[in-house]
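Next come the chains, spelled out residue by residue.
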Amino acid sequence: MTSSVPTLTVARARRLALSAQGFSDPRPAPGAATARHLSRVVDRVQVVQIDSVNVLTRSHYLPFFSRLGPYDTALLDRARDGAGPRGRGGRRLVEYWAHEASLVPPSTWPLLAYRMAQAREKAWSRDIAQTRPELLAAVLEVVGEHGPLTSREVEAHLPHGADRSGVDWGWNWSAVKQCLELLFWSGEVTSAGRSSAFERRYALPEAVLPADVVARRDALLDADPQEAVTELLAISLRAHGLGTERCLADYFRLRGPRVAEGLARLEARGEAERVRVPGWTDRPVWRVPGARIPRAVPGTALLSPFDSLIWQRDRTEGLWGMHYRLEIYVPAAKRVHGYYVLPFLLDEELVGRVDLKADRATGALLARAVHWEPGTDLARAVPALEAELEAMATWLGLDRVDFAKS
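So, how was this worked out
Residues numbered from 1 in each chain as written. Predicted model: local features only at pLDDT ≥ 70, side-chain atom pairs only at ≥ 80, totals over all residues. Heavy atoms only, no water. Phe/Tyr/Trp six-rings, centres within 6.5 Å; stacked < 30°, edge-to-face > 60°. Buried < 20%, exposed > 50% of the residue type's maximum accessible area, 1.4 Å probe, protein only. Lys NZ or Arg CZ within 6 Å of the ring centre and 35° of its normal. Helix = DSSP H or I, 4+ residues; strand = E, 2+ residues; numbered from the N terminus. Salt bridge = Lys/Arg side-chain N within 4 Å of Asp/Glu carboxyl O. pLDDT = per-residue confidence, 0-100. Contact = heavy atoms within 4.5 Å.

Describing the packing of aromatic side chains
To describe a pair of aromatic rings, one takes the distance between the centres and the angle between the planes.
1) Next: What the rule picks out here adds up to seven aromatic pairs.
2) Next: Both rings, one in Tyr251 and one in Phe252, keep their centres 6.0 Å apart while their planes meet at 70 degrees; by these two values the pair is edge-to-face. Just as Tyr251 is buried, Phe252 falls in that class too.
3) Next: Taken together through their ring pairs, the aromatic side chains of Phe64, Phe65, Tyr71 and Trp395 make up a single cluster.
4) Next: Lys177 extends its terminal NZ or CZ atom over the ring of Trp173, reaching a point 5.6 Å from the ring centre.

As structure tokens, then:
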């Protein structure tokens, strides 16, 4: 039985993973990327994580830079925010809780209906729904009548809901904001994009999403989640190229017995096949049947800490040998590599990592620390990193790259 399962080397598995994530696609000339190029990346990765940390740039811009090089971020804003009055039309991405807070294609949004149906069972949301039901209804009415609106704009309509807990730490949300987040989680409102201050703009789904997308979500709200989970796993497998059950489940934060059942269904339908990757893992690995593996994936890329290529840290270590951890929430004195550390991809290998900050006051991209992986050919890697940093600095509108003196 074991001998009938195809075997891949780690190197071939790595190339398949990189190709699935879009790193084998040719980059356009600097500044020449179009909306079609961005759509190609979306088709590849399917989920783009959002994060509020802005020490370099908003994290959702970085995966596109990693794959396309310098591009106009307004293209991504339009894909997220739509075009025309009230954001109607042209929307290629919509926000929801997918991996974490994420941008996903509108076609994926209905598949998360089972998560929406569970929203009011969660402790924090159950509290606001029970203690302020009249405010919850009023918030939904205001968004429906006046949206898209930010939470502050909704508070202006409902000042009695603008009260906060008074704590000076954590998510000090007003009652209105708590209602909006519950309605967002439950799918009763969605995002029409973000303001210039990166505030979510809330709207009714039918105001910003195609009618067939909303209808499919409605149909799936009360359905057995298994088929939706199976479809999400299929998306994850295509985005990964190959992966363990843990890898594939993590892409959409899927848990429980439905994951194993979903993979079994994909196998039965001929949409997934098992392979062995000695040297990476002893666990079963699935790949897309017939997926083309490039002979090489040349090029360079700086990867956001929130890039989907490296979400699953055990996978990153198994395929690339890099033990990578996010240290943003680690006290400064205990950090090993830095605050906002981007792994550096060079010709299929993760060869180093650099702690970056955009110092807009001085016009510099600060490389606060660079750490190379053991055995890296520095004669090749150093100039490649310098060139990628120069390109990033230009893309961010900065004048130069400054390296911290050791």
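Here the narrative resumes.
Remarks on unusual backbone geometry
1) Next: For the peptide bond that leads from Gly147 to Pro148, omega is 5 degrees, which places it in the cis range.
2) Next: Among the structural elements, Pro148 can be located in the loop between α7 (133-146) and α8 (151-157).
3) Next: Phi is positive for Gln46, close to 70 degrees, though the residue is something other than glycine.
4) Next: Secondary-structure assignment places Gln46 in the loop between α2 (35-45) and β1 (48-49).
5) Next: A relative accessible area of 14% places Gln46 in the buried class.
6) Next: Backbone geometry at Asp347 places phi at a positive 50 degrees, although glycine is not the residue there.
7) Next: Structurally, the position occupied by Asp347 is in the loop between β10 (341-346) and β11 (349-359).
8) Next: Judged by its relative accessible area of 32%, Asp347 is partly exposed.

Some points on the pattern of salt bridges
1) Next: Within this structure, the stated rule accounts for 30 salt bridges.
2) Next: For Arg265, the salt bridge is made with Glu261, and the minimal N-O distance between the two is 2.9 Å. You can see Arg265 and its partner Glu261 sitting in helix α14 (residues 257-268), four residues apart, about one turn around the helix.
3) Next: Two residues, Arg400 and Asp402, come together in a salt bridge whose shortest N-O distance is 3.2 Å.
4) Next: Taking the relative accessible area as the measure of exposure, Asp402 reaches 25% and is therefore partly exposed.
5) Next: One continuous salt-bridge network, built from bridges that share partners, spans Glu95, Lys177, Glu181, Arg194 and Arg200.

What about the confidence of the model for the protein?
1) Next: Predicted confidence across the protein gives a mean pLDDT of 93, with 93% of residues reaching 70 or more.
2) Next: Note on residues 166-170: pLDDT under 50 across the span, and two contacts to partners over four residues away in sequence or across chains.

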